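# Summary of structural features
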Amino acid sequence: MNKESKWVVSDPAPADKVNRLAAEVGIDKVLAELLVKRGVETFEQARAFFRPSLDNLHDPFLMKDMDKAVDRLHQAIAGNEKILVYGDYDVDGTTAVSLVYSFIKRYTDLVDFYIPDRYDEGYGVSAKGIRWAAENGFGLIITLDCGIKAIEKVDLAKSLGVDVIICDHHLPELELPKAIAVLDPKREDDTYPFDDLCGCGVGFKLVQAYAQKHEIPFETLIPLLDLLVVSIASDLVTVVGENRILAYYGLKRLNESPRKGLLAMINLSKLEPGHITVDDIVFKIGPRINAAGRMETGRLAVELLTATETGKAMIVGEKINNNNNERKNVDREITAEALEMVETGNCLAREHVTIVYNPKWNKGVVGIVASRLVEAYFKPTVVLTSSNGFVTGSARSAGKFDLYAAIESCADLMENFGGHTYAAGLTLTSPPTCLRPWWR
């Protein structure tokens, strides 16, 4: 295994900026230099950095299509339409669904949620989910943490008389789905000031906008922030700008008055209530919530996060905790097999990339295994298995390598793909040999 590490020392920050900030704020030059390197160069920026304020959140209506989304949501609530909140099965997706569902539930009982099955439907908006919504009389679907590439699925929904609002944060392609509204700060035509929101963050901006337009006090949104900090931490988005503000107040809420489902996770993780940190979320709470979708169903996570009774929260929480213990065992076994494949050369690996494939591996943990292999070899890694007649898997980057761009460059070989610069999922119709043009 490649155990070598290389330290890269950054260049000093401009001395004039460091001296000016140190004088203005009254701090040591060492601290001033650290701040300048993080883009904090003025007194006002320093105050915003050290004293996050909800007043500094951006106007949600600066996001493209937000007015359309709010109007359509209000039309559905006022017109007694059935609303389906649809989201991915990971932490970001299930927290986003829980947040938006909880908010809408205050104003109408005609709302439900849908989490696709990882093994039967795969990632993102599925035709099965769209048809289920139409068959059960839903007039509006709100997608969260998915949908930005669901062009055909949105067309299907439209043909079945179902409108769609997309709330996503993944990189879009040139063509956008023909939804009622497409909320995604990464749209090329969107000038929203902050483009690194998580999927749950985009969902929060939707409910913030709805509350703002309909004169609902912002204070009523505070109880939703514990969900948001779990998503921000688990999805590893940058904790700057709006994310820093929302994470600060979300962590405060999580420690002072967590929802029953998150309190159950805190207790089952053997953490101390009132002293929860971002690390606790990343390494204890987040993985447990993720385990529901990996080993059983993401619906369990939403049932946990929307539970209003302590007893139910603990029952669901214990089931999810058991899922997490099972996930750990499967994770260890597959990681050991994958490492052995690489060491013995029994894999699709080359100098600058690691690719392993076993059709018997559990689809729910291949992303974790990919991360383990990156830790071991520090190379972009793809871990593949078989599911429903397809070859499917997860990829993780190393360093600053743009993994998403690499996969996109051979999109013609993919049945489906999506993700970020550092993490992606992909599905192929053929065995992994069709990937060879990528790594040669």
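Up top is the structure these notes are about.
The text that follows walks through the structure, step by step, so that each part is easy to find.

About the thresholds
Residues numbered from 1 in each chain as written. Predicted model: local features only at pLDDT ≥ 70, side-chain atom pairs only at ≥ 80, totals over all residues. Heavy atoms only, no water. Salt bridge = Lys/Arg side-chain N within 4 Å of Asp/Glu carboxyl O. Axes fitted to C-alpha atoms, helices over the stretch in contact; angles between N-to-C directions. Helix = DSSP H or I, 4+ residues; strand = E, 2+ residues; numbered from the N terminus. Left-handed = near helix turned anticlockwise from the far one by under 90°. Contact = heavy atoms within 4.5 Å. Nonpolar A, V, L, I, M, F, W, Y, C, P; charged D, E, K, R; others polar. Pairing = 2+ DSSP bridges. Right-handed = clockwise from strand over helix to strand, strands pointing away. Expected span 1.5 Å × (residues − 1). Bend = angle between axes of the 7 residues up to and from the residue. Buried < 20%, exposed > 50% of the residue type's maximum accessible area, 1.4 Å probe, protein only.

On to the pattern of salt bridges. Where charged atoms of side chains with opposite charge meet at close range, the side chains can pair. In total, this model carries 20 salt bridges according to the counting rule given. The structure contains a network of salt bridges with shared partners spanning Asp 65, Lys 68, Arg 187 and Asp 189.

Where helix H1 (residues 15-25) meets helix H2 (residues 29-37), the closest approach of the two axes is 8 Å, and the angle between their N-to-C directions is 115°. Viewed along their axes, H1 and H2 form a crossing whose handedness is right-handed. In contact with Lys 17, Val 18, Asn 19, Leu 21 and Ala 22 of H1, H2 contributes Lys 29, Ala 32, Glu 33, Leu 35 and Val 36. Across the contact of H1 with H2, the residue classes tally to six nonpolar, one polar and three charged.

Turning our eyes to something else, we now look at the pairing of strand S2 (residues 111-114). Bridge count between strand S1 (residues 82-87) and S2: four bridges; the pairing is parallel. Each bridged residue has a counterpart across the sheet, and for Tyr 86 the counterpart in S2 is Tyr 114. In this region the chain leaves S1, passes through helix H5 (residues 91-105) and returns to the parallel neighbour S2; the handedness of that crossover is right-handed.

Looking now at helix H12 (residues 278-295). Structurally, the α-helix is built with 3.6 residues per turn, so residues lying three or four positions apart point the same way. Its 18 residues give H12 an end-to-end C-alpha distance of 24 Å, which sits within 8% of 26 Å, the value for a rise of 1.5 Å per residue. Maximum bend of H12: about 40°, positioned at Gly 286, with proline Pro 287 one to four residues after it. For H12, every residue scored as buried is listed here: Asp 280, Ile 281, Ile 285, Gly 286, Arg 288, Ile 289, Asn 290, Ala 291, Ala 292, Gly 293, Arg 294 and Met 295.

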